[in-house]
Amino acid sequence: EAQVTQNPRYLITVTGKKLTVTCSQNMNHEYMSWYRQDPGLGLRQIYYSMNVEVTDKGDVPEGYKVSRKEKRNFPLILESPSPNQTSLYFCAVSGGAGNQPQHFGDGTRLSIL
Amino acid sequence: GQQLNQSPQSMFIQEGEDVSMNCTSSSIFNTWLWYKQDPGEGPVLLIALYKAGELTSNGRLTAQFGITRKDSFLNISASIPSDVGIYFCAGRSGAGSYQLTFGKGTKLSVIP
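Residues numbered from 1 in each chain as written. Chains lettered and ligands numbered in written order. Predicted model: local features only at pLDDT ≥ 70, side-chain atom pairs only at ≥ 80, totals over all residues. Heavy atoms only, no water.

J.: Would you mind showing me how to read the state of the cysteines here?
T.: Disulfides are covalent bonds that connect the sulfur atoms of two cysteines. All names here are of chain B. Counted by the stated rule, this structure contains two disulfides over all chains. Covalent S-S linkage joins Cys-23 and Cys-89, the inter-sulfur distance amounting to 1.7 Å. In this structure, the disulfide formed by Cys-23 and Cys-89 twists by about -85° around the S-S bond and is classed as left-handed. Of the two residues, Cys-23 is situated in strand β3 (residues 19–25) and Cys-89 in strand β9 (residues 85–92); the sequence distance between them amounts to 66 residues. Classification of Cys-23 as buried rests on a relative accessible area of 0%. (Disulfide = S-S within 2.5 Å. Helix = DSSP H or I, 4+ residues; strand = E, 2+ residues; numbered from the N terminus. Buried < 20%, exposed > 50% of the residue type's maximum accessible area, 1.4 Å probe, protein only.)

Here you go:
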């Protein structure tokens, strides 16, 4: 079964304490992406990766880092989280050289106090 | 950048009624996707459209890729309570491009 797995699903933490949200996929897809979802703003792309060791900024990359050392994993790193990064985060993957839809994980709800 | 206007933003309907929502774009897309998001979960793909004029059904759901390639609509017939959720349209403009532009969503509430 195709799966996009995010961890943790929920996290409450404090300003400045580094955190990592993991995303892994079992579909061997090239493309992985991170979005944040905020009320009234819809889904906004943070970073994406076309393949291993290839990452690019999306629309709202400030305050985030990513890495793609292996095909199945695409962690999102918040080096020094701030309250404005409180949001619902989704990882998405896609294959088929861009001809396939993106499939989403179940989301990670982050609260930065 | 590209923008998608999705309407309506929200709607309340009676169980059994039909629903229609649409997305319009300022530029041409070569793929339109419709997703549904249930509370606490990630968006799930409902229908994918790849050709202008294409009309595709998935159970009670029907979606069309507009002839101008700048719009798409989603219809839900005979709504039921489990249709509640947020529906998103998404478009892809470049052939072989993974990048999607998302609408802001239509929040559907169904009154039993």
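And the narrative resumes.
J.: Can you walk me through the packing of aromatic side chains in this structure?
T.: Any aromatic ring pair is given by two values, namely how distant the centres are and how the planes are angled relative to each other. All names here are of chain A. Scanning all chains against the criterion turns up nine aromatic pairs over all chains. Between the aromatic rings of Phe-90 and Phe-104, the centroid separation amounts to 6.4 Å while the plane-to-plane angle is 85°, which identifies the pairing as edge-to-face. Of this pair, Phe-90 sits in strand β9 (residues 87–94) while Phe-104 sits in strand β10 (residues 103–104); the two residues are 14 residues apart in sequence, bridging distant segments of the chain. Neither residue differs from the other here; Phe-90 and Phe-104 are each classed as buried. (Phe/Tyr/Trp six-rings, centres within 6.5 Å; stacked < 30°, edge-to-face > 60°.)

J.: I tried to follow the sheet that holds strand β8 (residues 76–78) of chain A on my own but got confused; where do I start?
T.: Sheet strands associate in pairs through backbone hydrogen bonding, adopting either a parallel or an antiparallel arrangement. Strand order in the open sheet formed by four strands is β1-β3-β8-β7 (chain A), with antiparallel pairing between adjacent strands. Strands with a single pairing partner mark the edges of an open sheet, and in this sheet they are β1 (4–7) and β7 (65–66) of chain A. (Pairing = 2+ DSSP bridges.)

J.: Would you mind going over the nonpolar core with me for this structure?
T.: One finds Trp-32, Trp-34, Leu-74 and Leu-108 of chain B to be the most contacted residues of the largest nonpolar core, which totals 21 residues. When contributions to this core are tallied by element, the ones reaching two or more residues are β2 (10–14), β3, β4 (31–37), β5 (44–49), β7 (61–65), β8 (71–76), β9 and β11 (106–111) of chain B. (Core = buried A, V, L, I, M, F, W, Y, C linked by side-chain atoms within 4.5 Å.)

J.: Even after reading the chapter, I still don't get the pairing of strand β1 (residues 4–7) of chain B, so can you show me in this structure?
T.: A regular strand places its side chains so that they alternate between the two faces of the sheet. Residue and element names in this part refer to chain B. Here β1 shows a buried face lined by Leu-4 and Gln-6 and an unburied face lined by Asn-5 and Ser-7. Of the strand pairs in this sheet, β1 and β3 are connected by four bridges, and their pairing is antiparallel. Looking at β3, one finds that Asn-5 is bridged to Thr-24.

J.: Looking at this model, I keep getting lost on a nonpolar patch on the surface. Mind explaining?
T.: All names here are of chain A. The grouping of Ile-12, Val-14 and Leu-113 at the surface amounts to a nonpolar patch, some 330 Å² of accessible area in total. Considering the arrangement of structural elements, one finds Leu-113 in the segment after β11 (108–112). Assessed through its relative accessible area of 62%, Leu-113 is described here as exposed. (Patch = residues over 30% accessible without salt bridge, like charges linked within 9 Å, V, L, I, M, F, W, Y side chains within 5 Å. Areas by Shrake-Rupley, 256 points an atom, 1.4 Å probe, with all protein chains shown as cover. Salt bridge = Lys/Arg side-chain N within 4 Å of Asp/Glu carboxyl O.)

J.: Looking at this structure, I do not really get the sheet that holds β3 of chain B. What am I missing?
T.: All names here are of chain B. Pairing within the open sheet is antiparallel, and its five strands lie in the order β1-β3-β8-β7-β6. In this open sheet, the two strands that pair with only one neighbour each are β1 and β6 (55–58). In this sheet, adjacent strand axes meet at a mean angle of 15° when their direction is disregarded. Of the strand pairs in this sheet, β6 and β7 are connected by four bridges, and their pairing is antiparallel. Its bridge partner lying in β7, Ser-57 is registered against Thr-62. (Axes fitted to C-alpha atoms, helices over the stretch in contact; angles between N-to-C directions.)

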